[in-house]
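The primary structure of each chain is shown beneath.
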Amino acid sequence: ERRGAGCARVRAARVGAARARGRACQCVWGGARSGTRMAAVGKACGCRAQALGARPAARSAATRSAPRTTARSVTVSARAVAQVSEAEAGASDRSGEDFNKYVAKRAALVQEALDAAVPLEYPELIHESMRYSLLAGGKRVRPMLCLAACEMVGGSIEDAMPTACALEMVHTMSLIHDDLPMMDNDDYRRGALTNHKVYGEDNAILAGDAMLAYAFEHVARDTPSSVPAERTLRVIRDLGRACGSRGLVGGQVVDLESEGKPKEEVGMDTLKYIHEHKTGALLEAAVCCGAIIGGASDEEVEKLRKYALDIGLAFQVVDDILDVTQSSEELGKTAGKDLEADKATYPSLVGLEESERIARELVDTAKEALSGFDKEAAWPLEALATYILVRSN
């Protein structure tokens, strides 16, 4: 109230009223007080404006130049989905539209669960910052892998959803921190200004910290009691390993240490370590944690770990390729940064054609790891592996 925004109950009522009117967007700005922030992000839609009781502010010059989703990028994404559908339809009884429907349905479920998991509450600023990045869209590959693995071994979406959300929280934390000036120093993520460009570096760091801590709380508190406690404990252990010094953080450290070094000095072994830990570790956790929640045997978990390690490395190899073949608008983030910084990447070390061959080989090997599972039950994981290979952002 001191800031002239009204009490939390009034703001919540306004947000609820705006949503009730059927607005399509996620109103992450329900408690925003600053028209400047709305202008900076350039997302002052009717829902947010009505929730705030204010008119949409004009976009800033910086935002008008931000990479945004275009008709071309939507077409490319649709083409990627079509390629997955065509590839997988021949290997199953499913129609060519199944993967598209699967992704849309799972993404909607995850978005709804994330929205509910991190409500807008006091102190509003930190929760606005968390929600800004967490609900900004994205592929939701990690939650989908988690849910698909759980269902494949006989578990339910409801059992795995808290873990799926926690994985996306950890991933979002890594993006917020990775974009900071002292890390990769990027201004755009998912087609919008990065968190620190809107909330400042101090709040961006704290938002990432809060999201990391909350991820473990969410798994421990919200996993249904029907899931045996030892499974939940294993998930917490594996998730902690994936985002710590032997996982995501370790990969980031080696990546930072490698900056400025000649590509030949970095070499393939170091590059593979960076990719397997900075990106692959969390994808591995997504698959294995979903399987654990679903009640998979140790043997099944290890088979799925092989699948996850291969698609994790393939994911980053494809990222390296996209960085030099796609535009900023298509990627939703600054393209060509690795090339400009003269960083070691798969294309820079072995060339584009060989990088594409490596990615295809990794995905094929990953699919082979699923051969011991029921073909129909494993179809989503096979399709997601294909998507990782043919995606356009």
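What counts, and where the lines are drawn
In this numbering scheme, every chain counts its residues from 1 along its sequence in written order. Side-chain atom pairs in this predicted model are given and counted only at pLDDT of 80 or more, local residue features only at pLDDT of at least 70, and totals for whole chains, interfaces and linings cover all residues. Hydrogens and waters are ignored; side-chain quantities use all the structure's heavy atoms. Numbering of helices and strands starts at the N terminus; helices are DSSP runs of H or I of at least 4 residues and strands are runs of E of at least 2. Here the term buried applies to any residue with accessible area under 20% of the maximum for its type, exposed to any over 50%, and partly exposed to those in between, with areas from a 1.4 Å probe on protein chains only. We call two residues contacting when some pair of their heavy atoms lies within 4.5 Å. Using a 1.4 Å probe, the Shrake-Rupley method yields the accessible areas, and only the shown protein chains count as cover for residues. Salt-bridge detection follows one rule: a side-chain nitrogen of Lys or Arg within 4 Å of a carboxyl oxygen of Asp or Glu. pLDDT expresses, on a scale from 0 to 100, how confident the predictor is about each individual residue. Stacked, tilted and edge-to-face are the three classes assigned to paired rings of Phe, Tyr and Trp, where Trp is represented by its six-membered ring and a pair needs centres within 6.5 Å; plane angles under 30 degrees give stacked, over 60 edge-to-face, the rest tilted. Think of a 1 Å grid over the protein atoms and nothing else: a 1.4 Å probe that fits but is trapped marks a cavity, an open set flanked by protein within 12 Å on at least five of seven lines marks a pocket, and residues with an atom within 4 Å of a point count as lining. Grid points are joined across faces, edges and corners, and a volume is the space filled by probe spheres set on the points. Amino acid classes used here: Ala, Val, Leu, Ile, Met, Phe, Trp, Tyr, Cys and Pro are nonpolar; Asp, Glu, Lys and Arg are charged; the rest, including Gly, are polar. Nonpolar cores were defined as sets of buried Ala, Val, Leu, Ile, Met, Phe, Trp, Tyr and Cys residues, with membership established by side-chain atoms within 4.5 Å. Each helix should span, by expectation, one fewer than its residue count multiplied by 1.5 Å. The seven residues ending at a residue and the seven starting there each receive a fitted axis; the angle between those axes is the bend at that residue. Note on geometry: axes are lines fitted to C-alpha atoms, helical ones only across the stretch in contact, with angles between N-to-C directions running from 0 to 180 degrees. Just so you know how the angles are binned, under 35 degrees is roughly parallel, over 145 roughly antiparallel, 65 to 115 roughly perpendicular, and the rest oblique.

A.B. asks: Please set out the overall build of the protein chain residue by residue, giving values where relevant.
C.D. replies: For the protein chain, the helix and strand inventory stands at 19 helices and two strands. Burial analysis of the protein chain (393 residues in total) assigns 52% to the buried set. Summarising the internal contacts of the protein chain: among those between residues at least 6 apart in sequence, 71% fall at separations of at least 24. With the model as given, the accessible surface of the protein chain reaches about 17,400 Å², and the carbon-plus-sulfur share is 50%.

A.B. asks: Give a description of the environment of I358 that names residues and reports values.
C.D. replies: Here I358 is to be found in helix α18 (residues 352–368). When the C-alpha atoms of I358 and V318 are compared, they prove to be 9.5 Å apart, with 40 residues separating the residues in sequence. Excluding residues that lie within four positions of it along the chain, I358 makes contacts with Y346 and V350.

A.B. asks: Residues and numbers for the pattern of salt bridges, please.
C.D. replies: Summed over all chains, the structure comprises 21 salt bridges. Its salt-bridge partner being D115, residue R131 comes within 2.8 Å of it at the nearest N-O pair. Note that R131 is positioned in helix α7 (residues 124–134) and D115 in helix α6 (residues 98–117), a separation of 16 residues in sequence. Grouping residues by exposure puts R131 and D115 together as buried. For R305, the salt bridge goes to E284, with nearest N and O atoms at 2.7 Å. With R305 in helix α14 (residues 298–325) and E284 in helix α13 (residues 263–293), this residue pair connects regions lying 21 residues apart in the sequence.

A.B. asks: Would you mind going over the confidence of the model for the protein chain in detail, with residue names and values included?
C.D. replies: Segments scoring low in pLDDT should not have their predicted coordinates read at a detailed level. Residues with a pLDDT of 70 or more make up 72% of the protein chain, whose mean pLDDT is 79. Low confidence marks residues 1–82, where pLDDT is under 50. Its contacts with residues over four positions away, or in another chain, come to 117 contacts.

A.B. asks: For the environment of T279, give the residues involved together with the corresponding values.
C.D. replies: Positionally, T279 belongs in helix α13. Here the alpha-carbon distance between T279 and L248, two residues 31 residues apart in the chain, equals 6.6 Å.

A.B. asks: Describe the side chain of Q252, listing the residues and the values that go with them.
C.D. replies: Here Q252 shows up in helix α12 (residues 248–258). For Q252, a relative accessible area of 10% gives the class buried.

A.B. asks: I'd like a rundown of the packing of aromatic side chains, residues and numbers included.
C.D. replies: Evaluated as defined, the whole model comprises four aromatic pairs. Aromatic pair F99 and W379: ring centres 6.5 Å apart, planes at 75°, arrangement edge-to-face. Here F99, found in helix α6, pairs with W379, found in helix α19 (residues 375–390); they are 280 residues apart in sequence, far enough to count as distant. Comparing F99 with W379 shows no difference in burial state: the two are buried. Put simply, the rings of F99, Y102, W379 and Y387 pair up and form one aromatic cluster.

A.B. asks: Tell me about empty space enclosed by the protein, residues and numbers included.
C.D. replies: Counted under the stated rule, the structure contains two cavities of 30 Å³ or more. The volume enclosed by the largest cavity comes to roughly 120 Å³. Going through the elements one at a time, α7, α9 (157–178) and β2 (192–193) are the ones with two or more residues in the lining of the largest cavity. Ranked by residues supplied to the lining of the largest cavity, first place goes to α9 with three residues. Estimates place the volume of the second largest cavity at around 70 Å³. Along its surface, the second largest cavity is lined by 11 residues, and D255, S258, V266, K343 and A344 are the ones closest to its centre. Elements supplying a minimum of two residues to the lining of the second largest cavity: α12 and α13. The element that contributes the greatest number of residues to the lining of the second largest cavity is α13, accounting for three residues. Grouping the amino acids of the lining of the second largest cavity by side-chain chemistry returns four nonpolar, two polar and five charged.

A.B. asks: Mind laying out the nonpolar core, listing which residues take part and the relevant values?
C.D. replies: Formed by 87 residues in total, the largest nonpolar core has its most connected members in L145, M161, M169, L304, Y307 and L381. What M169 contacts, discounting residues up to four positions off in sequence, is A117, V118, L134, M211, Y214, A215 and H218. With six residues, the next largest nonpolar core counts Y132, A192, L193 and V198 among its residues.

A.B. asks: Explain helix α10 (residues 195–222) to me, using residue names and the numbers behind them.
C.D. replies: Structural remark: α-helix, 3.6 residues per turn; residues separated by three or four positions point the same way. The terminal C-alpha atoms of α10 lie 27 Å apart, and with 28 residues this falls more than 12% below the ideal 40 Å at 1.5 Å per residue. Maximal helix bending in α10 amounts to about 100°, located at E201.

A.B. asks: Go over unusual backbone geometry, please, and point to the residues and values.
C.D. replies: Apart from glycine, the bulk of residues carry a negative phi angle, and the bulk of peptide bonds sit in the trans form. The omega torsion of the bond from Y122 to P123 falls at -5°, within 30 degrees of zero and hence cis. Relative to the assigned elements, P123 resides in the loop between α6 and α7. Non-glycine residue N185 carries a positive phi angle of around 55°. Take N185: it is sitting in the loop between α9 and β1 (188–189). With a phi angle near 55°, R190 is a residue other than glycine that sits in the positive phi range. Within the fold, R190 resides in the loop between β1 and β2.

A.B. asks: Any chance you could break down the packing of α18 against α19 for me, citing the residues and the numbers?
C.D. replies: For the pair α18 and α19, the least separation of the axes is 10 Å and the interaxial angle reads 175°. Taken together, α18 and α19 sit at an angle that is classed as roughly antiparallel. When α18 is examined against α19, the residues A359, R360, V363 and K367 are found in contact with a partner set consisting of E382, A385, T386 and L389. Here the contact of α18 with α19 is built from residues that sort into four nonpolar, one polar and three charged.

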